[in-house]
Amino acid sequence: MQRQSGWRSKSKQDIKAIYDFSERYKDFLDRAKTEREAVRCITEALTGSGFDLDPSQERVFAVNRNKTVMAFVRGSSDIIEGLNVVVAHIDAPRLDLKQNPLYEDVDLALLRTHYYGGIKKYQWVACPLAIHGVVIKADGRTVDICIGEGGDDPVFMIDDLLPHLSHRTQDGKKLSEAIEGEKLIVLFGSLPLAGTEKEPVKQYILKMLEDKYGMTEDDFITAELEVVPAFKARDVGLDRSMIGAYGQDDRASAYPLLEAICRVKGPRRNCLAIFADKEEIGSEGSTGIQSYFLKVFLDDIVNGMGLKADESVIRKVLYDSKALSADVNGAVNPTFQEVHEKQNASYLGRGICLTKFTGHRGKTGASDANAEYVAEVVRLFNDTGIVWQTGELGRVDEGGGGTVAKHLAVYGMDIIDCGPALLAMHSPYEISSKLDIYECYRAFSAFYAV
Ligand code: MN
Ligand code: MN
């Protein structure tokens, strides 16, 4: 089996299309750093492409609690024959502010955080950070907050120990323990409020929050404020062939999926795109893929067609569906090649990566796609000229991971993981290949066109 860089098969014209697509993708990355912002961008694009909240229409979407979106395009075949589903997620690893985050110490105002998802904590110190999210006021009003993204905005950071003094405290520790979760404390201010004796720096910050956002200290309790890297998406490499940005797991699948579903016109099979929340912490909760929202949405769709959406109909629709679980994989790292088994690893720039199974220690927790379905997807990719590769996440027993696949496989549908391979996955600055992102878009489009 010979695989090579996908760029070798691309013409000058193809490369231009790939680079043009990347400009739109980078714009999405900058505008959608949180799940709520992603929902806003996605619903804007869907509305612009003729999607409607009315479930009797041919193009329908629905939003669950500002954190999950589903979009449906009616096909010419009977819905009872099942759907073609592509699911990606729009949450990303980050630091959430605690519910009582603010305090003052050594003349500094500081914010306590609780990290969300799998991060390497040492990667979050000594770099510029932004704060995004919402505050729900006592009267029910929502105040949107986004600080650190405008060119003139201040940013925040988490202090690290200077090398001169880290010898005893930090240097001899394991990498995973050198920065503890409770030490991920955000530097938030240092000006004291004039005429105040007790906690003057904290009081100054509280006064600013009141003046700027009408917010009190108690309002942190009813807020969701996410600390994310303040960098913008940028081209990487002298040849600009790669993209560096925060949150590419899984915007690297979600954005190609958005473009694909927006462009679906008159499909044979009924098509569904899911932009899910909470994947990074197990897909649970009211906005995770395990919630009943999928069934509620399908009830509305089936009823909207004038059919009766009883439980057995919805069960049959889901059972006969075919799905791509679109999520990223870890590309072979040039400097740590030993964690990969290179004959079965994914490589940056070799196209969309099909992953038959995930899991850890003997495939535990994996949704292992049936060979018959793998063959069906491979045939589709080959027939439509998609650049694809196959790859598993790391050597046997090296570690592992999971995706939403198993939560949809519960319904008995065919489902396989696929998506772009990233370098520095789950870091504040993940790297993708422009070609891989574009091949995801082409692959999802081909899947919907079956
Ligand atoms: Mn993911
Ligand atoms: Mn992830």
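Please refer to the structure placed before this passage.
From a predicted model like this one, the values you see are computed outputs, not experimental measurements. (Residues numbered from 1 in each chain as written. Chains lettered and ligands numbered in written order. Predicted model: local features only at pLDDT ≥ 70, side-chain atom pairs only at ≥ 80, totals over all residues. Heavy atoms only, no water.)

### Details of the packing of helix H1 (residues 12–31) against helix H11 (residues 434–448)
- Following both chains from N to C, one finds H1 and H11 inclined at 85°, their axes separated by 9 Å at the closest point. In terms of orientation, H1 lies roughly perpendicular with respect to H11. On H11, the residues touching Ala17, Ile18, Tyr19, Phe21, Ser22 and Tyr25 of H1 are Lys434, Leu435, Ile437, Tyr438 and Tyr441.
- Of the residues that constitute the contact of H1 with H11, the class distribution is nine nonpolar, one polar and one charged. (Axes fitted to C-alpha atoms, helices over the stretch in contact; angles between N-to-C directions. Helix = DSSP H or I, 4+ residues; strand = E, 2+ residues; numbered from the N terminus. Parallel < 35°, antiparallel > 145°, perpendicular 65-115°, else oblique. Contact = heavy atoms within 4.5 Å. Nonpolar A, V, L, I, M, F, W, Y, C, P; charged D, E, K, R; others polar.)

### A look at the coordination of the manganese ion (ligand 1)
- Around the manganese ion (ligand 1), the protein contributes the donor atoms His89 (NE2), Asp249 (OD), Asp327 (OD) and Asp327 (OD), which lie 2.1 to 2.6 Å from the metal centre.
- Donor residues binding the manganese ion (ligand 1) come from one chain and are separated in sequence as H-x159-D-x77-D.
- Metal-to-metal, the separation of the manganese ion (ligand 1) and the manganese ion (ligand 2) is 3.3 Å; aspartate 249 coordinates the two. Taken together, the residues histidine 89 in strand S3 (residues 83–89) and aspartate 249 in helix H6 (residues 248–263) connect sequence positions 160 residues apart.
- A residue is classified by how much of its surface remains accessible, and histidine 89, at 1% relative accessible area, is buried.
- On the accessibility criterion, aspartate 249 (2% relative accessible area) is buried. (Donors = N, O, S within 2.8 Å, 3.2 Å for Na, K, Ca; no water. Buried < 20%, exposed > 50% of the residue type's maximum accessible area, 1.4 Å probe, protein only.)

### A word on empty space enclosed by the protein
- Counted under the stated rule, the structure contains three cavities of 30 Å³ or more.
- Taken as a whole, the largest cavity spans an internal volume of roughly 60 Å³.
- Each residue belonging to the lining of the largest cavity can be placed in one class, and the counts come to ten nonpolar, no polar and no charged.
- Counted as a void, the second largest cavity has a volume near 50 Å³.
- In terms of lining residues, the second largest cavity is bounded by Asn64, Thr68, Met70, Ile274, Ala276, Ser286, Thr287, Gly288, Ile289, Ser291, Phe293 and Leu294.
- Residue assignment for the lining of the second largest cavity shows that the elements contributing at least two residues are strand S2 (68–73), strand S13 (270–276) and helix H7 (293–304).
- A per-class count over the lining of the second largest cavity returns six nonpolar, six polar and no charged. (1 Å grid on protein atoms, 1.4 Å probe; cavity = no way out; pocket = protein on both sides within 12 Å on 5 of 7 lines; lining within 4 Å. Points joined across faces, edges and corners; volume = space filled by probe spheres on them.)

### Brief notes about the sheet that holds strand S11 (residues 234–236)
- With antiparallel pairing, the three strands of this open sheet are ordered in space as S11-S12-S20. Two strands in the sheet have a free side with no partner beyond their single neighbour: S11 and strand S20 (430–433). Taken over all neighbouring pairs, the strand axes of this sheet differ in orientation by 35° on average, direction set aside.
- Examined bridge by bridge, S11 and strand S12 (residues 242–245) share three bridges and lie antiparallel to one another. Each residue of the ladder has a partner; that of valine 236, found in S12, is methionine 242.
- Contacting S11, S12 and S20, H1 runs over the sheet at an angle of about 5° to S12.
- Set on the sheet, H11 makes contact with S11, S12 and S20; between it and S20 the angle comes to about 65°. (Pairing = 2+ DSSP bridges.)

### Some details on the layout of surface pockets
- Taken as a whole, the largest pocket spans an internal volume of roughly 1100 Å³.
- Lining the largest pocket we find 38 residues, and of these Gly330, Val339, His340, Leu393 and Met425 sit closest to its centre.
- Looking at the lining of the largest pocket, the elements with two or more residues in it are strand S15 (329–330), strand S16 (352–355) and strand S18 (414–419).
- By residue number, the principal contributor to the lining of the largest pocket is S18, which donates three residues.
- Split into classes, the residues belonging to the lining of the largest pocket amount to 13 nonpolar, 18 polar and seven charged.
- Each of domain 1 (6–92 + 246–448) and domain 2 (94–229) accounts for three or more of the residues forming the lining of the largest pocket.
- Empty space within the second largest pocket amounts to approximately 480 Å³.
- Lining the second largest pocket are 20 residues, with Asp159, Asp160, Leu161, Lys183 and Ile185 sitting closest to its centre.
- At the level of elements, strand S4 (94–105), strand S5 (108–116), helix H3 (167–171), helix H4 (175–178) and strand S9 (185–189) are the ones that each hand at least two residues to the lining of the second largest pocket.
- Its residues assigned to classes, the lining of the second largest pocket shows eleven nonpolar, two polar and seven charged. (Domains from an automatic or database assignment.)

### Details of the coordination of the manganese ion (ligand 2)
- Protein-derived ligands of the manganese ion (ligand 2) are Asp249 (OD), Glu280 (OE), Glu280 (OE) and His426 (NE2), with the metal-ligand distances lying across 2.0 to 2.5 Å.
- Here the donor residues for the manganese ion (ligand 2) map to a single chain with the spacing D-x30-E-x145-H.
- Assessed through its relative accessible area of 13%, glutamate 280 is described here as buried.

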